[in-house]
Amino acid sequence: MKLFIKDIVKDTYTNASGYALLIALQYYFRDGQQITLSFKDTTPTSTSFLNSSVGELLDQYGFSKFKSLVKFVDMTVTQSQVLKNYFHSGDLKS
Amino acid sequence: MITLTLSSRSDFSKVFQLINSDLSSDNEIMYDLTNFSFFEPIDILLFTMPVIYFKNKKVLQRYRHPLKQQTRSYLSDIGLFEFCKTNFQEPITIEEIHSRSAMPLRRITPVTMNDYIFRAQRYFSNHCPLKDLSFLNLTISELINNVKDHAESPIDAYIFCQLYPRLNIIKVVVGDLGIGIPTAVNAYRESRKESILSDIEAIIWAIDQNTSTKSHPHNRGKGLNNLFEFIKYNRSIINIYSNKGLLLASKGRTTSFLNNIRDFQGTLIQMEINIDNLPDISNIEDDFWEQAQF
């Protein structure tokens, strides 16, 4: 399933928007479905946004499961760097 | 009437001393800016935040404007005194200041920051259409979210941004008069029965990638660290004033000092984004997991 972040949230800065993305992604995680998450035409993701979305999924399912289910595409260099920083700084549970 | 003569940044100590003295509303303050010759964005917030603070306390305030015509014009163009007079609770209007390549001084929260970020990116991208200004968005959102999550500021957060075309840098400054990073860090450490840190040590602790005060359930920290990582790649500069600490990170080197604005309470962060070092707008990375080498 390919999901476009821009279709799910109105911004990528706040906890509230991060939570909206979490709700959308959880649906597929529960079923173990793979997701291709497109950053096309989105702004960079703030830490608050990531904490409420990706961070919650990492807590619930662990890093290995997350990596196996989510593929990030259409990212700019900055968006990619933000996510790299986020994963590098987290306590990644396998 | 209390006259505060301000001619350089360190003179703002006098203003913060007054804040700490719990001034009553029957007093009157005269800000004498006669000899203040050059305001950086950070000075704009150092001036604005106490004025708003005292305005909320119904203290009458007057200004003696700078003697230097150039400085007077600058303050007039950016609408400093007009802004302080109106004291908007929300950024009702956001209009770019073309004469100074600046985005206006505004009070914002996470709820109202989207419009400011959108307009700032659109405005500054006119000056550098091929560059990816995402780092600007990120800077503003991280700093405003930090104020909301940690600062307990009585006046929310204030922001001002200006492009310096000859230097090709954008200065973004966000400030608050909250509890300050050191207080938040030490309250957290105290709750975990860990030793109390000096203000400078506490700021260094806060930018470490594996630490956070986790002041809310959703908050895992990393916001400041995220900005620090970008400063390294982008060779930009960040100044963090928080309570008695001052931390300067420039081109990968971090230096800390005692804050020369004595009695400062709150946090003031100025980021200098080096436009030349931002990535081009067209760069798209393909396989994230492979590129990131996880």
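Conventions and cut-offs
For every chain, the first residue of the written sequence is number 1, and numbering continues from 1 along that sequence. Whichever chain is written first is A, and whichever ligand is written first is 1; the rest continue in order. Thresholds applied to this predicted model are a pLDDT of at least 70 for local features of residues and 80 or more for the giving and counting of side-chain atom pairs; totals over whole chains, interfaces and linings are not thresholded and use all residues. Remark: hydrogens and water are excluded; side-chain values derive from all non-hydrogen atoms of the structure. Under the scheme used here, helices are H or I runs from DSSP no shorter than 4 residues and strands are E runs no shorter than 2 residues, and both carry numbers assigned from the N terminus. In this description the radius of gyration comes from C-alpha coordinates, and the expected globular size is given by 2.2 Å times residues to the power 0.38. Residue exposure ignores everything except the shown protein chains as possible cover, and the areas themselves are Shrake-Rupley values with a 1.4 Å probe. Residues counted as positive are Lys and Arg, residues counted as negative are Asp and Glu, and His and the chain ends are not counted. A charge is said to be at NZ when it belongs to Lys, at CZ for Arg, at CG for Asp and at CD for Glu. Categorising residues by exposure relies on relative accessible area from a 1.4 Å probe, with only protein chains included: less than 20% of the type maximum marks a residue as buried, more than 50% marks it as exposed, and the intermediate range marks it as partly exposed. In this description, the arc belongs to the directions extending from the helix axis to the C-beta atoms. Here, residues are in contact when the closest pair of their heavy atoms is within 4.5 Å. Fitting a line to C-alpha atoms yields each axis, with helices limited to the stretch in contact; the angle taken between N-to-C directions then spans 0 to 180 degrees. Here roughly perpendicular refers to angles of 65 to 115 degrees, roughly parallel to angles under 35, roughly antiparallel to angles over 145, and oblique to all remaining angles. Left-handed describes a crossing in which the near helix is turned anticlockwise from the far one by less than a right angle; the clockwise case is right-handed. Classes in brief: Ala, Val, Leu, Ile, Met, Phe, Trp, Tyr, Cys and Pro nonpolar; Asp, Glu, Lys and Arg charged; the others, Gly included, polar.

K.L.:
Can you help me understand the overall build of chain B in this one?
P.N.:
Across its full length, chain B carries 10 helices and 11 strands. A compact globule built from 294 residues should have a C-alpha radius of gyration of about 19 Å, and chain B, at 19 Å, falls within 12% of that. Here the C-alpha coordinates of chain B stretch approximately 65 × 50 × 35 Å along the principal axes. In the form shown here, chain B has an accessible surface area of approximately 12,900 Å², with 49% of it arising from carbon and sulfur atoms. Looking at chain B, you have 31 positive and 33 negative side-chain charges, and the mean spots of the two groups are 5 Å apart.

K.L.:
Honestly, helix α3 (residues 69–77) of chain B in this entry has me stumped. Any pointers?
P.N.:
Along an α-helix, a turn takes 3.6 residues, which lines up residues three or four apart on a common side. All names here are of chain B. Listing the buried residues of α3 in full gives Thr71, Tyr74 and Leu75. Down the axis of α3, the buried set is contained in an arc of 95 degrees. They therefore lie on one face. Of the surrounding secondary structure, the elements contacted by the buried residues of α3 are α2 (41–56), α4 (80–86) and β5 (157–164). Once α3 ends, the next one or two residues include Gly79, with phi positive near 70 degrees.

K.L.:
What is the right way to read the packing of helix α2 (residues 15–31) of chain A against helix α3 (residues 47–61) of chain A from this model?
P.N.:
Axis angle and axis distance: for two packed helices, these are the angle between their axes and the distance between the axes, and together they describe the pair. Residues and elements named next belong to chain A. Contact geometry for α2 and α3: axes closest at 6 Å, N-to-C directions at 30 degrees. With respect to their mutual orientation, α2 and α3 come out roughly parallel. Crossing angle aside, the handedness with which α2 passes α3 is right-handed. Note on element contacts: α3 touches α2 through Ser48, Phe49, Ser52, Ser53, Glu56, Leu57, Gln60 and Tyr61, opposite Asn15, Ser17, Gly18, Tyr19, Leu21, Leu22, Leu25, Gln26, Phe29 and Arg30. Looking at the contact of α2 with α3, its residues break down into eight nonpolar, eight polar and two charged.

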